[in-house]
Amino acid sequence: MAHHAHEPSAPATAAVMAVFPDVSTVFSAAERCRDEGFTHWDVFAPFPIHGINEAMGLKPSKVSFCMGAGALTGVAFALLLQGWTAAGGIINIPWLNQFSGYDINTAGKPFFAWEQFTPIMFELGVLFGSFGALLGMLMLNKLPRHHHPLMTNEHFLSTSDDGFVIAVEAADPKFDERETASFLKSLGATEVEVVKS
Amino acid sequence: MSAIHPDEATAIGLVRPGRVEGRDPHTIDGTVTSDPTKRPPLVLGNHTFHTVSETICGWIQQKTPPWWMAAFGVSATVAGFGTLMILYLIITGVGVWGLNNPMSWGWAIVNFVWWVGIGHAGTLISAILCLFKQKWRVSINRFAEAMTIFAVICAGTFPGIHVGRVWMAWMLFPIPNSNAIWPNFRSPLLWDVFAVGTYFTVSLLFWYMGMIPDLATLRDRSIKKMNKMVTVGPMWAPHPLPDFVKRATTFQLPMYKVAAWAYGVLALGWRFSSRHWTNYEKAYILLAGVATPLVLSVHSVVSFDFAVSIIPGWHTTIFPPYFVAGAIFSGFAMVLTLLIPARELYPGMKDFVTARTLENMCKIITVTGSMVGFAYITEFFIAWYGGNPYEQGAFIQRAFGQYWWAYFAMMFCNVVSPQVFWLKWCRTTPWFIFIVSIVVNIGMWFERFVIVSSLSNDFMPSSWAYYSPTFVDMMTFVGSLGIFMTLFLLFCRFLPMLAISEVKNVMHAAHAHLHPHDDHHGKGGH
Amino acid sequence: MSVAPHFELERVFAKENTHTGASLARMGQGLLLIGAIFAAIAVVMGFSGDVERKALTLHALQVGAIVALSFPLGALGFSMILHAVNAGWWVLLRKQFENVFSLFWIGCLFVAGVFALQWIFTSGGGAAAAEHGAEAAHHTSAYLWHWMDPTYTAGDHLYEHKKVFLNLPFFVIRMVAYFVIWGAMVAFFLGQARRQEESGDPQPTVNMGRASCIGLVIFAVTTAFAAYDWMMSLDYHWFSTMFTVWFFASNVVSALALLSLIFVLLKTFGRAQGAITNEHLHDLGKLLFGFTVFWAYISFSQYFLIWYANIPEETMWFNLRRAEWTWLSWALPTCHFIVPFLLLIPKPARRSGMMLGFVAVWIIVVHLLDVFWQIRPQLRAVTHITIVDFLGVLGPACVFGGALMMRIASRPLIPKNDPRQDEALTHKNYV
C-alpha cells in the first residue's frame with residue numbers, strides 16, 4: 001500500500017489482477033489463494049461457480065437474517081395495522097387512537113379474529129421479507145457502487161462475458177505487488193496486471 | 001465447450017443405438033430421450049460462454065427487426081384504442097358496460113382473474129422450478145417473469161377502473177385520513193389489493209434481481225461499443241479522409257452512451273464478484289422460497305373473492321388449490337403462446353429453448369389441466385353429495401342453462417384439449433403446441449366466465465337475467481391484450497430475454513473438475 | 001471440485017452396508033406383537049363393554065387404521081410423482097419408499113376389520129336402540145358409520161338423497177376396489193423394481209415413469225373416494241370439496257416424516273453409507289418443510305372458507321371439534337405447523353440427523369393427533385382420551401411399524417442397478 005506509492009500524486013496500486021482461462025483453473029487457484037491466507041481477495045466469474053464458497057473459504061451468507069427480520073416486521077405490522085384500524089377497541093395505541101378505526105360490524109364477524117387477518121399478515125410478511133432479502137443482499141455486497149478500481153480495466157470487463165479473474169487487493173496484509181503477481185502467475189493465470197486506483 | 005450438436009446425439013448415446021438413425025424421429029432436435037441412463041443437454045449448438053452472451057445480447061444490440069416494428073405498431077394501436085375505451089368509461093360511468101342487476105360483476109372480474117392467472121407462470125417457473133432444481137427453466141424464466149409482470153399490470157387495471165369513481169381508488173389503501181375511515185380488512189377484495197400488490201412488487205424484485213448480472217453484461221458491452229470511435233461519411237468520400245474531415249466526422253455513438261448509462265445505473269455496479277454471488281444466490285433462493293407460497297396465496301386470495309361468499313357455485317372449499325392449478329395452467333399456456341413465435345423469430349433461441357423445454361411445459365399443462373378437471377368433477381360430485389338444492393341448481397344451470405356453451409367450451413378447452421399431450425408427437429410439434437396453448441387460454445377465460453355468470457341465476461328466479469357484454473367491454477379486453485403485447489415487445493427489444501448468467505451456469509464448461517453426470521443432479525430434469 | 005467424492009461402489013454396496021442387523025427384525029416382531037396385543041385388548045374391551053365402549057373401540061381403531069394407511073398411501077403417491085418427473089437424486093432412497101408402501105394392506109385390513117367389528121357389534125343392536133327411540137341412538141350407538149344405522153337414518157331426507165352412494169353393497173364394492181387397485185399398483189412397482197435388481201435392465205425405470213403418470217390419475221380418484229368413505233362419511237351430513245386434498249397433504253407429510261426418520265436412523269447406525277448422505281437428508285428435510293406448509297395451507301383454507309361463509313351445514317363439523325376438543329383444535333395448528341415450521345427453518349436443522357429425526361418423530365405424533373381430531377370427535381359421548389383410545393390408536397400403528405421394521409430388516413437397504421444411481425451418489429445441494 002503506502003510503500004508502493006512512490007509519489008503522492010501517482011495513483012496507488014489498488015490490486016493485482018490475474019486472468020484465468022477456465023473454471024477448473026480458477027477454482028483450484030482459488031483454493032490455493034485460500035490456503036495462502038489472503039483475506040482481501042476475490043474471484044470474479046460470469047456466473048456463480050458451484051462450490052466456490054468452500055474453495056474460497058467463505059462463510060455462509062447472512063442474507064437469511066435480513067429476510068427473517070423483514071418478514072417478522074411485515075407480519076407484526078400487518079397484525080397491528082389491521083387490529084388498530086378494524087378493531088379499534090382492542091388494539092389501542094396511545095397517541096394514535098384518534099385515528100384508529102371504528103368497530104364496524106361486518107357479516108357478524110368478531111372485530112378481532114386471527115382468521116380474517118391471516119391473508120394480509122402473510123402477504124405483508126412476504127413483501128417485507130422480500131425487500132429484506134434484496135436490500136440485505138445489496139447491503140452485504142456494499143452495492144450500489146458504480147465506481148470500482150477494477151472496473152476501469154479492460155480485461156476485467158471480460159468477467160461479464162467469459163473471463164475468470166482473481167484479484168488480490170493491496171489492502172491485504174500479505175500483499176506484495178511483485179510476489180503476489182508471480183504467485184498468481186504460477187497458478188495458471190494467462191495474464192497478470194497491476195490495477196491502479 | 002458445453003454443447004452437444006443434435007447430430008451428435010447418437011454418438012454420445014443420447015439416442016439409443018440401433019433404434020433410430022441419427023436423431024430421434026419423435027423429437028424436433030434430438031434433445032428428448034426416454035433412455036433413463038442419459039440426460040439431454042440443456043444448451044445445444046457449439047456454444048461457448050462468449051457466444052451465449054453474443055447471442056442473447058445480440059437480440060438487443062442488433063438493428064430493430066422489421067417484424068418487431070410492425071408488431072409494435074399494431075400492439076400500440078390496439079393498446080391506445082383500449083385506453084380510449086377506459087377513458088370513455090371513466091368519463092361516462094360503468095353503465096357503458098353490460099352489467100345488469102344479478103350480474104353485477106361482468107367481464108371486468110373475468111378479465112382480472114384471467115390476467116392474474118396468466119401472471120402465475122412466471123413466478124412458478126422462477127421460484128418453484130428453481131426450488132425443485134429444474135435446470136431447463138433457465139431458458140424461459142426471464143421471459144416468463146416479464147410476462148408475469150405485464151399480465152399483473154393488465155389485471156390490476158380492471159378492478160381499478162371498475163370501482164366507478166377512479167379518483168377515489170386511493171381508498172383501497174390504508175392511508176391515514178382525518179375521517180379515520182379505513183379500508184375494510186375483513187373483505188376479500190381488500191386482501192386482493194394486498195395479495196396482487198405484493199405479488200406485483202415481489203415479482204418485480206425477483207425479476208430485477210435476476211437481471212442485475214445480465215444488465216451488468218449489457219453495460220460492459222455497451223461501454224466497449226461506446227469507446228469505439230465511429231467514422232461516418234459518404235461512400236464516395238476520398239480514402240483516406242483528410243484529417244480535419246476525419247476529426248469532424250468521427251465520434252462515439254450517442255446511443256451506446258445512453259445504453260451504457262442506463263444499463264449501468266440499473267446494474268448497480270455489479271462486478272461479478274464471488275463474494276457477491278454468494279449473497280446473491282442465497283437471496284435468490286430465499287426469494288424463490290417465499291415467492292412459492294406467494295404464488296399459491298395470490299390465486300387463493302383471488303378465489304376467496306368468490307369462495308367466502310354464500311353464493312351457490314362459488315362457495316366451495318376446494319377453490320384455493322383449484323384456482324392455483326388453473327392459474328399455472330393458463331400461465332404456462334401463455335408462455336408457450338409467446339415463446340414459440342419468439343423461438344422462430346430470434347436467431348439462435350432454439351439452442352436454449354430446446355424441444356425438452358417445450359415438452360416439459362406441455363407436460364405441466366397436462367398435469368395442471370387434469371388437476372383442474374379433477375376439481376370440476378369433485379365440485380360436481382360434492383354439489384350432488386351435499387344435497388343442497390341451490391348448489392345443485394347452480395351446477396345444473398352451469399352445464400345446461402343459458403350459458404351451456406361457455407361451460408362446454410371450458411370443459412373442452414381445459415380438460416379435454418390438454419390431454420393431447422399424452423402423445424409424444426403433440427408435445428414435440430411446435431405449431432401444434434402453439435394452437436393448443438391458445439385453446440387453453442380461451443378455455444381458462446371461459447372458466448372464469450362460467451364461475452362469474454353463476455350470478456345471473458341467483459336465489460330469486462324473478463330477477464334472473466341474461467348478461468351480454470357491450471362493445472366497450474369487448475374492446476377494453478382487446479385493449480388489455482394490446483397493452484400486454486406492447487410492454488412485452490418493449491421488453492424483448494431492450495432487456496435480456498434469457499437469463500445469461502444462469503444459462504452459462506448450466507453449461508458443461510461451468511463445472512470445475514467435470515465428472516460424467518455433473519450437470520444434472522436435478523430432482524427431475526427430464 | 002472439492003466435492004467430487006470418489007465412491008468406492010463395492011464399499012457402498014457391501015453386505016454390511018446394505019443390511020441391518022438381525023436385531024431390527026426382532027424389534028419389529030416385538031413391536032408388531034405389542035401392536036396386535038393393543039388392538040386385541042381394545043377389541044376385547046369393546047366386546048365386554050356397553051354400547052358406548054363399543055363405539056369408542058370402533059372410533060379408536062379407525063384412527064389407528066387410517067394412520068397405518070396414511071404412510072403407505074403418502075409414500076406411494078409421492079414415489080409416483082418422483083417416478084413421473086424422472087427424478088435422479090432419490091433412486092437410492094427408493095427401496096425404503098417401496099418398503100413403506102408395500103404395507104398398505106395393513107391399514108386396509110384394519111379398516112375392513114373395523115367395518116366387520118361394527119357389523120358384529122350392531123347385529124341385533126338396531127332393535128335395542130329402537131327401544132330407546134331415535135333420540136337415544138343419536139348419542140350412543142355402536143356405529144362408526146352412522147349412515148349404516150337404519151334407526152339413525154330413519155326419516156332423514158338427506159340420507160335418502162345420498163343413498164345411491166352411501167349404501168352397504170356399494171360401500172363394500174368400493175372398499176374391495178380400492179384394495180385391488182392399490183394392490184395392483186404396489187405389485188407393479190415392486191415387480192418392476194425386482195426385475196431391475198435382478199437383470200440390471202434400465203427399462204423398468206422407463207416403465208415405472210410411464211405407469212406413474214397414469215397411476216397418479218387413478219391414485220387421485222381412489223384416495224379421494226377412500227377419504228370420503230372412511231373419514232368424511234362418518235358425519236354423512238357434512239361435506240367439503242377440499243377434503244381429498246387435505247387427505248393427500250396429510251398422507252404425504254406423514255410419509256415424508258416416516259421416511260426421513262428411517263434414513264436418519266439408518267445413517268445413525270452407519271448403514272447405507274455413501275448412498276444416503278446429508279445431501280439426501282437435506283432434500284428430504286426441505287420436502288418435509290414444504291409439505292408441512294402445504295398441509296397448513298390446505299387445512300387453513302378449508303377451515304377459513306367454512307368459518308367465513310358461516311353456513312350451519314358446514315360449520316357444525318368444526319363447531320363440534322372446537323367445542324368439545326378445544327385443546328386439540330389449538331394444538332394442531334401450533335404443533336403441526338408452527339413448531340415444525342420454526343424448527344426446520346435453519347438450514348443446519350434440515351441437514352443434521354438429530355434435528356431432522358426429532359422433527360420427523362414430532363410430525364408423526366402430531367399426524368396421529370390430526371387423524372384423531374378428524375375421526376374421534378364424531379363420538380360425542382366421550383370427549384376425553386381414554387385407555388381404549390390409547391390402545392385402539394397405537395395398536396394398528398404399532399402393527400404397521402413392526403411390520404415395516406421386519407420388512408426393512410429382511411431386504412437390502414438400497415436398490416441395485418438403477419440407471420440413475422450415479423446421479424444419486426453425486427447429488428449435492430449448492431445453495
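Just above, that's the structure.
Residues numbered from 1 in each chain as written. Chains lettered and ligands numbered in written order. Predicted model: local features only at pLDDT ≥ 70, side-chain atom pairs only at ≥ 80, totals over all residues. Heavy atoms only, no water.

### Brief notes about the overall build of chain A
- Along its length, chain A carries five helices and four strands.
- When the helices and strands of chain A are placed in sequence order, the string is β-α-β-α-α-α-β-α-β.
- For chain A, whose C-alpha radius of gyration is 26 Å, the value lies well above the compact-globule estimate of 16 Å for 197 residues.
- Projected onto its principal axes, the C-alpha coordinates of chain A cover approximately 80 × 40 × 30 Å. (Helix = DSSP H or I, 4+ residues; strand = E, 2+ residues; numbered from the N terminus. Rg over C-alpha atoms; globule rule 2.2 N^0.38 Å.)

### Thoughts on the overall build of chain C
- Across its full length, chain C holds 19 helices and zero strands.
- Dimensions of chain C, computed from C-alpha atoms along their principal axes, come out at roughly 80 × 40 × 40 Å.
- Counting across all 431 residues of chain C, residues that qualify as buried make up 60%.
- Look at the contacts in chain C between residues 6 or more apart in sequence, and 82% of them connect residues 24 or more apart. (Buried < 20%, exposed > 50% of the residue type's maximum accessible area, 1.4 Å probe, protein only. Contact = heavy atoms within 4.5 Å.)

### Considerations on the environment of F111 of chain A
Residues and elements named next belong to chain A.
- Looking at the secondary structure, you find F111 in the loop between α3 (63-86) and α4 (114-140).
- Since its relative accessible area comes to 29%, F111 is described here as partly exposed.
- Put simply, F111 and F131 are 20 residues apart on the chain and 30 Å apart in space, counted from C-alpha to C-alpha.

### Focus on empty space enclosed by the protein
Residue and element names in this part refer to chain B.
- Within the structure shown, the criterion is met by eight cavities of 30 Å³ or more.
- Estimates place the volume of the largest cavity at around 80 Å³.
- Residue lining of the largest cavity: A394, Q397, R398, Y403, Y407, V450, S453, S454 and N457, and that is the complete set.
- Taken together, the residues of the lining of the largest cavity break down into four nonpolar, four polar and one charged. (1 Å grid on protein atoms, 1.4 Å probe; cavity = no way out; pocket = protein on both sides within 12 Å on 5 of 7 lines; lining within 4 Å. Points joined across faces, edges and corners; volume = space filled by probe spheres on them. Nonpolar A, V, L, I, M, F, W, Y, C, P; charged D, E, K, R; others polar.)

### Structural notes on the packing of aromatic side chains
All names here are of chain C.
- For the structure on display, the rule yields 106 aromatic pairs over all chains.
- An angle of 75 degrees between the planes, with centres 6.0 Å apart, marks the rings of F115 and W145 as edge-to-face. Pair noted here: F115 is in helix α6 (residues 104-122) and W145 is in the loop between α7 (125-139) and α8 (150-153), with a separation of 30 residues, a long-range link.
- Overall, the relative accessible area of 0% leaves W145 in the buried class.
- Between the NZ or CZ atom of K54 and the centre of the ring of F121, over which it lies, the distance is 5.4 Å.
- Over the ring of W317 we find R321; its NZ or CZ atom is 3.7 Å from the centre of that ring. (Phe/Tyr/Trp six-rings, centres within 6.5 Å; stacked < 30°, edge-to-face > 60°. Lys NZ or Arg CZ within 6 Å of the ring centre and 35° of its normal.)

### With respect to the pairing of strand β3 (residues 164-169) of chain A
Residue and element names in this part refer to chain A.
- Most of β3 sits out of view: five of its six residues are buried.
- In terms of strand pairing, strand β1 (residues 13-20) meets β3 through six bridges, oriented antiparallel. Looking at the pairing, A15 lines up with E169 of β3.
- Across four bridges, the pairing between strand β2 (residues 41-44) and β3 is antiparallel. Bridged to W41 within β3 is V168. (Pairing = 2+ DSSP bridges.)

### What to know about the interface of chain C and chain B
- The interface of chain C with chain B comprises 62 residues on the first partner and 50 residues on the second.
- Where chain C packs against chain B, one counts one salt bridge.
- We note a salt bridge from D283 of chain C to K133 of chain B, for which the minimum N-O separation is 3.4 Å.
- Taken together, the connections running from chain C to chain B amount to 14 residue pairs in polar contact (both at pLDDT 80 or more).
- Contributions of two or more residues to the side of chain C that touches chain B are made by α9 (157-162), α11 (203-230), α12 (243-268), α13 (278-309), α14 (312-324) and α19 (421-425) of chain C.
- A total of twelve residues in the side of chain C that touches chain B trace back to one element, the largest contributor, which is α13 of chain C.
- Here the side of chain C that touches chain B is composed, by residue class, of 37 nonpolar, 14 polar and eleven charged. (Salt bridge = Lys/Arg side-chain N within 4 Å of Asp/Glu carboxyl O. Polar contact = N/O pair within 3.5 Å; in protein donor to acceptor, adjacent residues only side chain to side chain.)

### Concerning the interface of chain A and chain B
- Listed per partner, the contact involves 68 residues of chain A and 62 residues of chain B.
- Interface area, chain A with chain B, both sides summed: about 5800 Å², of which 66% is carbon and sulfur.
- For the pair chain A and chain B, the number of links is zero salt bridges.
- There are 26 residue pairs in polar contact (both at pLDDT 80 or more) connecting chain A and chain B.
- Of all the secondary-structure elements, those providing two or more residues to the side of chain A that touches chain B are α1 (23-36), β2, α2 (52-56), α3 and α4 of chain A.
- Per element, the largest residue contribution to the side of chain A that touches chain B is 16 residues, and it comes from α4 of chain A.
- Per-class residue counts for the side of chain A that touches chain B are 41 nonpolar, 19 polar and eight charged. (Buried area = accessible area lost by both parts, 1.4 Å probe.)

### Observations regarding the layout of surface pockets
Residue and element names in this part refer to chain B.
- The space that makes up the second largest pocket amounts to roughly 1100 Å³.
- Taken together, 40 residues make up the lining of the second largest pocket; nearest its centre are P159, V163, L172, L189 and V193.
- Counting residues per element, the lining of the second largest pocket draws most heavily on helix α6 (residues 188-227), which supplies ten residues.
- Residue composition of the lining of the second largest pocket, grouped by class: 28 nonpolar, ten polar and two charged.

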